[in-house]
Each structure stands twice: as C-alpha cells, then as structure tokens.
Amino acid sequence: MTVTAAAGADSRTGTRPVIEVRSLRKTYGLEDTTVHALDGVDLVVERGDYVAIMGASGSGKSTLMNIIGCLDVPSAGQYLLDGVDTRRLDERRQALVRNRKIGFIFQSFNLIARTTAQANVELPMAYSGVKAAERRERAQAALERVGLGERRGHIPSQLSGGQQQRVAVARAIVTNPVLLLADEPTGALDSRSTADILDLFDELSLAGRTLCVITHEDEVAARAKRVIRLRDGRVVMDERVTAIDGPPPGVSR
C-alpha cells in the first residue's frame, strides 16, 4: 500500500507533517543506462511518528534517506520538510535546514576521533551560532538524557560502540530537530548494545520525537509504529503497527 501525500496541516493534530513526499523520482545515467532508484514515491510522516523504512540492497531506501536528509535532490517530484519545499533551497539554505531540522544518526557513529563526547555533541550547535555557555549546558543535558553524563570528557576510543552511538544520539537530539533520521543505527553494534539503542529510541518516541529509521533488520523495524518497504524504487508495503500517539510496540506508558 502506498501512502498518498496530503497537503497542508495534519488533520489529527492541526500541525503540518514533518515529511511530505509527492511523486518522488531519482534517476541515474542516460537513455539505455538509466537507473530508476526511486520511481514515484508518495509518503507522509506525521509529527510524533516512528517509521522504519526497509528494503533489500538496490531497493531505493538509501536514496530515499539521502533525499529526506537533504543530502541529495530528486530528479522529479516534491519533498517538503516541516512545510519547507526543499526544491526552492540553494546549497547554503539547504545546509541550514539540514542542521536545524534534522538530527542524524549513522551506522558508523561519525564522531570526531580526538574530540570529547561533550565537544562532539556541541558541534551542531557551534555551526548554528549558539553561544559557548549554552552549548555546554545543552550538550551536558543531552548526554545525561542518553545515560552518558559521567562520560562527557571521554574521547570515542575510550567508549564502547554502544556508548559511541549514544553520543551520536545525544548529538542528534541536542538541537531539538523536527526529525531524527537514523541510517542502519545498530548495524555496527552487538546484540546488547542494539537492545540499548532501541530502548532509547522507544523512550524518544514516547517523548513525542519523530523518528525515521532506515534498516534491513526485522528486529529494528519491530520497534517502530509503522513499517514501510521499498522494492525497485517503489513503496510496496506501508503497515501501521501502533497509533502515532501511542507507545511503540511492546512498550507501556
């Protein structure tokens, strides 16, 4: 089932959706060598939802993630992020929107190796011009939120993989973005660290955060409130598991 994008405000909450994608296409190559990475994707993600996007290699999920994250542009179609039409943005404004509206969580953590956890979490605020004192206060609060307040002076090599990913989550939430976008967030973690990160995602979802997780792991998708599957650049399944304003599967309030 393909979700039909709706224009304007979310009728359930009175607020606009975080993600609105309409007839999205992405092609590579020319004529005989053309590859349709995305072939007419329609998608709406409302505020407070927790969505898992799944698909095999070559399904288009990474291409869709790059476009949702304002890291790439579509060949055709429209993408609105929190009501902002990304087609109208030049590179500078796109970078600003990306920094202010999206918190990224990557499989490889993407932490600066010789920099403390505290400084890594402060980094997106530095790009936004937040003053040093406020950066420190907010970064400390974010690290406390993910259970790493006592490790804020450690560099990545002094942290386990699960702890590094928690730092990455703190960095993603510290700017209070409208969207948390995670790309295979547990792909480099052991089973215990995976469970810890998924528990943290559940907590963020209960707190009203909007999460979009790109994954090929059923274990990860099982925590989401909604599961979308891509095949050959098209949405072939869109299943609502839990109400948007309810807890993730298996989690009680």
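Since the model is a prediction, treat every value here as computed from it, not as a measurement.

## As for the sheet that holds strand S2 (residues 35-45)
The four strands lie next to each other as S2-S1-S4-S5, forming an open sheet whose pairing is antiparallel. Each end of this open sheet is capped by a strand with a single partner; those strands are S2 and strand S5 (84-85). As paired strands, strand S1 (residues 19-28) and strand S4 (residues 76-81) are joined by five bridges and run antiparallel to one another. Paired with isoleucine 19 across the bridge in S4 is leucine 81. Contacts from helix H1 (residues 61-68) reach S1, S2 and S4 within the one sheet, and its direction differs from that of S1 by about 125 degrees.

## Regarding the layout of surface pockets
Its volume calculated, the largest pocket comes out at about 330 Å³. As for the largest pocket, its lining consists of 16 residues, and the residues nearest its centre are Asn99, Phe104, Pro124, Tyr127 and Arg171. Among the secondary structure elements, those contributing two or more residues to the lining of the largest pocket are helix H2 (91-101), strand S6 (102-106), helix H3 (117-127) and helix H5 (161-173). Grouping the constituent residues of the lining of the largest pocket by class yields nine nonpolar, five polar and two charged.

## A closer look at empty space enclosed by the protein
The full count for this structure, using the stated rule, is one cavity of 30 Å³ or more. Each pocket or cavity is described by its volume, and for the largest cavity that value is around 30 Å³. Forming the walls of the largest cavity are Ile67, Cys70, Asp72, Val73, Pro74, Tyr79, Thr86 and Gln94. Considering only residue class, the lining of the largest cavity consists of five nonpolar, two polar and one charged.

Reading the values: the criteria
Throughout this document, residue positions are counted from 1 along each chain, in the order its sequence is written. Residue-level local features of this predicted model are given only where pLDDT is at least 70; pairs of side-chain atoms are given and counted only at 80 or more, and the full residue set underlies all totals for whole chains, interfaces and linings. Side-chain metrics rest on all non-hydrogen atoms present in the structure, leaving aside hydrogens and water. Paired strands, in this sense, are two strands between which DSSP finds at least two bridges. Note on conventions: DSSP H or I runs of at least 4 residues are helices, E runs of at least 2 residues are strands, and numbering of each starts at the N terminus. It only takes one pair of heavy atoms within 4.5 Å for two residues to be counted as in contact. In this analysis, axes come from line fits to C-alpha atoms, helices being fitted only over the stretch in contact, and the angle between any two N-to-C directions falls in the range 0 to 180 degrees. Definitions used throughout: a 1 Å grid over protein atoms alone; a cavity as a set of points that fits a 1.4 Å probe which cannot get out; a pocket as an open set with protein on both sides within 12 Å along at least five of seven lines; a lining residue as one with an atom within 4 Å of a point. Grid points are joined across faces, edges and corners, and a volume is the space filled by probe spheres set on the points. Gly falls in the polar group here, along with every residue not listed as nonpolar (Ala, Val, Leu, Ile, Met, Phe, Trp, Tyr, Cys, Pro) or charged (Asp, Glu, Lys, Arg).

These values are about where atoms sit, not about what they do.
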